[in-house]
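# Summary of the model geometry
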Amino acid sequence: MAQPDNPVQLEQELGKTNYNFLKDIPSISPLQVGESPRISSLFGMRLHPIDGIHKPHLGIDLVCRRGFQFVYATANGRVIFARSKKGLGLTVEVNHANGYTTGYGHLGTIYVKQGETVRIGEVLGLMGSSGKATGVHVHYTISINGTAVDPLPYLTLYEDFIKRKDALRASLIENSAK
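My aim in this report is to walk through the structure given alongside it, one point at a time. (Residues numbered from 1 in each chain as written. Predicted model: local features only at pLDDT ≥ 70, side-chain atom pairs only at ≥ 80, totals over all residues. Heavy atoms only, no water.)

### Let's talk about the overall build of the protein
- Secondary structure summary: the protein contains 3 helices and 12 strands in total.
- Residue pairs in contact within the protein that sit at least 24 positions apart in sequence constitute 62% of those at least 6 positions apart.
- Accessible surface computed for the protein: about 9,500 Å², of which carbon and sulfur atoms make up 55%. (Helix = DSSP H or I, 4+ residues; strand = E, 2+ residues; numbered from the N terminus. Contact = heavy atoms within 4.5 Å. Areas by Shrake-Rupley, 256 points an atom, 1.4 Å probe, with all protein chains shown as cover.)

### Concerning the pattern of salt bridges
- Inspection of every chain in the model, using the stated rule, returns 1 salt bridge.
- With its nearest N and O atoms 2.4 Å apart, the salt bridge here joins K85 to E93.
- Classification of E93 by relative accessible area gives buried; the value is 17%. (Salt bridge = Lys/Arg side-chain N within 4 Å of Asp/Glu carboxyl O. Buried < 20%, exposed > 50% of the residue type's maximum accessible area, 1.4 Å probe, protein only.)

### A word on the nonpolar core
- Membership of the largest hydrophobic core comes to 28 residues, with the highest contact counts inside it found for V92, Y104 and L124.
- Those elements that provide at least two residues to this core are α2 (19–23), β4 (60–63), β6 (77–85), β7 (89–95), β8 (100–110), β10 (123–127), β11 (138–144) and α3 (157–177).
- Once residues lying within four places of it in the same chain are set aside, the contact partners of L124 are V71, Y72, A73, V92, V94, Y104, T109, I110, Y111, V112 and V118. (Core = buried A, V, L, I, M, F, W, Y, C linked by side-chain atoms within 4.5 Å.)

### Quick notes on unusual backbone geometry
- One non-glycine residue, N98, lies in positive phi territory at about 60°.
- Along the chain, N98 falls in the loop between β7 and β8.
- A residue is classified by how much of its surface remains accessible, and N98, at 36% relative accessible area, is partly exposed.
- In the Ramachandran plot, H106 falls in the positive-phi region, its phi being about 65° despite a non-glycine side chain.
- With respect to the secondary-structure elements, H106 resides in strand β8.
- For H106, a relative accessible area of 5% puts it in the buried group.

### Comments concerning the pairing of β10
- Of the strand pairs in this sheet, strand β5 (residues 70–72) and β10 are connected by 3 bridges, and their pairing is antiparallel. Considered in β10, the bridge of V71 is made with G125.
- For β8 and β10, the ladder comprises 3 bridges, and the chain directions are antiparallel. Across the sheet, residue L107 finds its bridge partner in β10, namely M127. (Pairing = 2+ DSSP bridges.)

### Some words on the packing of aromatic side chains
- Under the counting rule described, the total for this entry stands at 4 aromatic pairs.
- Through pairs of rings, three or more aromatic residues link up here, namely F70, Y72 and Y111.
- Positioned above the aromatic ring of F81, the side-chain terminus of K85 is 5.2 Å from the ring centre. (Phe/Tyr/Trp six-rings, centres within 6.5 Å; stacked < 30°, edge-to-face > 60°. Lys NZ or Arg CZ within 6 Å of the ring centre and 35° of its normal.)

### Overview of the side chain of S130
- With respect to the secondary-structure elements, S130 resides in the loop between β10 and β11.
- Within the local environment of S130, its side chain forms a polar contact with the backbone nitrogen of L90, the two atoms lying 2.8 Å apart.
- Excluding residues that lie within four positions of it along the chain, S130 makes contacts with L88, G89, L90, H106 and L107. (Polar contact = N/O pair within 3.5 Å; in protein donor to acceptor, adjacent residues only side chain to side chain.)

### Here we look at the environment of R83
- Checked against the element boundaries, R83 lands in strand β6.
- Once the C-alpha coordinates of R83 and G105 are considered, the two residues, 22 residues apart in sequence, prove to be 9.8 Å apart.
- In this view, R83 contacts G89, L90, T91, I110 and Q114; residues no more than four positions away in its chain are not counted.
- Among the polar contacts listed, one links the side chain of R83 to the side chain of Q114, at a separation of 3.0 Å.

The structure is reproduced here in structure tokens:
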């Protein structure tokens, strides 16, 4: 499958495939479902909270009401980085299919090692405030072939796919009963 140019095109292509495709690309939140994470900083230019200057923010920052919690792999892949990184503190980076890479920064603890294979939903570590952080959160990034993209549209791809699939199934059942 050719790499989509944007998440809208990706969602259109998802209608032509099955959920196994979603296991190999970022398609869930890196935080526990039902935890209702809050986005404390969006993708794009922002006033850096510590440096006090405008800088590109190449991910999103997610916080939870519970504070420290598990951080999960958002797709199947291989860990390519699992240690401290300048500014991001304890960081895990995972390579996925189709040129995708995800990053999870400011962790408090890392549970995986470089070279390890991980599955979607597997625990990578704990939220934290390592590196240049003003509080407990996870800095979540997605890049496609080395170019950072806004992770926001990817947080619910799997959930949205299941809802569309269930709606289609219900529609087919309803129409066959008539």
